[in-house]
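The chain contents come next:
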Amino acid sequence: MTTSFSFLSDPRAAALSREWPLLGSLATMAAFLLFGPRWLADLSHPLWFTSILAWLFSAILVSAFAVVRHAEALAVRLGEPLGTLVLTLSVTGIEVMMIAAVMYPAKGGSSLARDSMFAVVMIVLNGMVGLSLLLGGLRYHEQTYNLKGANAFLAVIIPLAVLGLILPSFTSSTPGPTLSPFQAGFLVVMSIGLYGVFLAIQNLRHRDYFLVPESGDGGHDPFQLGHEGTPRAVVYHTVLLLAYLSPLLVLAKQMAVPINYAIQEWHAPSALGGFLIAVLILAPESLGAARAALANQLQRSVNVLLGSVLATISLTIPAVLCIGFVTGTSIILGLGSVDTIMLTLTLGLSTITFGSPRTNVLLGAVHLLLFLAYVMLIFEK
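Residues numbered from 1 in each chain as written. Predicted model: local features only at pLDDT ≥ 70, side-chain atom pairs only at ≥ 80, totals over all residues. Heavy atoms only, no water.

Draft legend 1. Representation of the overall build of the protein chain within the structure. When its secondary structure is counted, the protein chain shows 13 helices and 2 strands. Looking at the 381 residues of the protein chain, the share that counts as buried comes to 53%. For the protein chain, the computed accessible surface area is about 16800 Å², with 69% contributed by carbon and sulfur atoms. (Helix = DSSP H or I, 4+ residues; strand = E, 2+ residues; numbered from the N terminus. Buried < 20%, exposed > 50% of the residue type's maximum accessible area, 1.4 Å probe, protein only. Areas by Shrake-Rupley, 256 points an atom, 1.4 Å probe, with all protein chains shown as cover.)

Next comes the structure, spelled out in structure tokens:
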């Protein structure tokens, strides 16, 4: 009995006990590799379909939470603003894997990347920003953040969102809301180039733009919220982060089957697939952003939320366009008229919200209402 208690009190044993989601992810991956073709062959029964979808959704969600947990631990080691970059790149990597997994087997899935990116923008800039501002405003009345950093994010997000998600609906070189090969290549280079310039600003020339205004020397690290004790070695968290990402490659491919089945056979809204993917990858970040706002660390919320949108647009667009080049698939990027209005309204409202260094409850409520309007329009346009 004494040996058992001493084992549980060992910090290393306690750390390993927190990694039970990895066993669940590996077990789920093994089960679907062995029996997946038989289980997914017939999804016509609603109860069976719901069970399979819930199982895969839960396994991916738990893995995503673990990925973000280790990314945040690395962020503690690396500090701001590099910590935000590690976190957002990890989440964007999950998104690209899931989009690619669903696109390959889908016959009409070339619009999934557009739907997923649009969902990320709407969920983050309206749902998550609104929730963070509302919770922080209710507790602290007003909160402050570094206005220069938010403006730097929006200065890149707005042109890339318009060029990537709105412009393709108005070009005439190709039929439909698509881009010609030359236009697509230009957008790939521009997206990666602008993101590279932004990273140089964020991590080298103007790091102070992304730190809490009261601590221009970077002495206060907002990523220390929610972590007890000294962060473990970078190698430890890097290995576990990659270990959690590996099963996601297989699970995302399995998840594609029920998503495509619901869209094709049950005539569910095509945008629902992108919405589900966005919810999966953003759930861990949304929890962290809300927790930071409640701890009066709005700067962390702004860095994570706007960083997620920027990384999604600037990295997912080149990734899916490259997939289109390789597979010969025409990638649909342009939004419809209703979604274009919603995106324009969201970007305009964001410039107003982040045009002042102080936020309040009203701004959060407006963003949340706009998010609810987006959810409603998925099912009824």
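Draft legend 2. Structural detail: helix H9 (residues 234–265). Taking 1.5 Å of rise per residue, 32 residues should cover 46 Å, and H9 covers 46 Å from first to last C-alpha, within 8% of that figure. In the structure, H9 departs most strongly from a straight axis at Leu 249, where the bend amounts to approximately 30°. One or two steps after H9, the chain reaches His 267, where phi turns positive at roughly 55°. (Expected span 1.5 Å × (residues − 1). Bend = angle between axes of the 7 residues up to and from the residue.)

Draft legend 3. Quick peek at the environment of Leu 305. As for its placement among the helices and strands, Leu 305 is situated in helix H11 (residues 298–327). Residue class for Leu 305 comes out buried when judged on its relative accessible area of 3%. Here the alpha-carbon distance between Leu 305 and Met 128, two residues 177 residues apart in the chain, equals 7.5 Å. If near-sequence neighbours (up to four positions away) are discounted, Leu 305 is found in contact with Val 124, Met 128, Val 129, Ser 132 and Ala 289. (Contact = heavy atoms within 4.5 Å.)

Draft legend 4. Representation of the packing of aromatic side chains within the structure. Evaluated as defined, the whole model comprises 14 aromatic pairs. When the centroid spacing of 6.0 Å and the interplanar angle of 40° are considered together, the rings of Phe 49 and Tyr 261 count as tilted. Taken together, the positions of Phe 49 in helix H4 (residues 46–78) and Tyr 261 in helix H9 put the pair 212 residues apart, joining distant regions of the chain. Tyr 261 carries the same exposure label as Phe 49, and that label is buried. Judged by centre distance (6.3 Å) and plane angle (40°), the ring pair of Phe 371 and Tyr 374 falls under tilted. Taken as a pair, Phe 371 and Tyr 374 lie in helix H13 (residues 361–379) at a separation of 3 residues, close to a single helical turn. The buried category is assigned to Phe 371, whose relative accessible area is 17%. Judged by its relative accessible area of 5%, Tyr 374 falls in the buried class. Following the ring pairs from residue to residue traces out a cluster consisting of Phe 32, Phe 35, Trp 39 and Trp 55. (Phe/Tyr/Trp six-rings, centres within 6.5 Å; stacked < 30°, edge-to-face > 60°.)

Draft legend 5. Examining unusual backbone geometry more closely. Unusually for a residue other than glycine, His 141 sits at a positive phi of about 70°. Its identity is not glycine, yet His 267 carries a phi of approximately 55°, on the positive side. Mapped onto the fold, His 267 is located in the loop between H9 and helix H10 (271–294). Owing to a relative accessible area of 68%, His 267 belongs among the exposed residues under this scheme.

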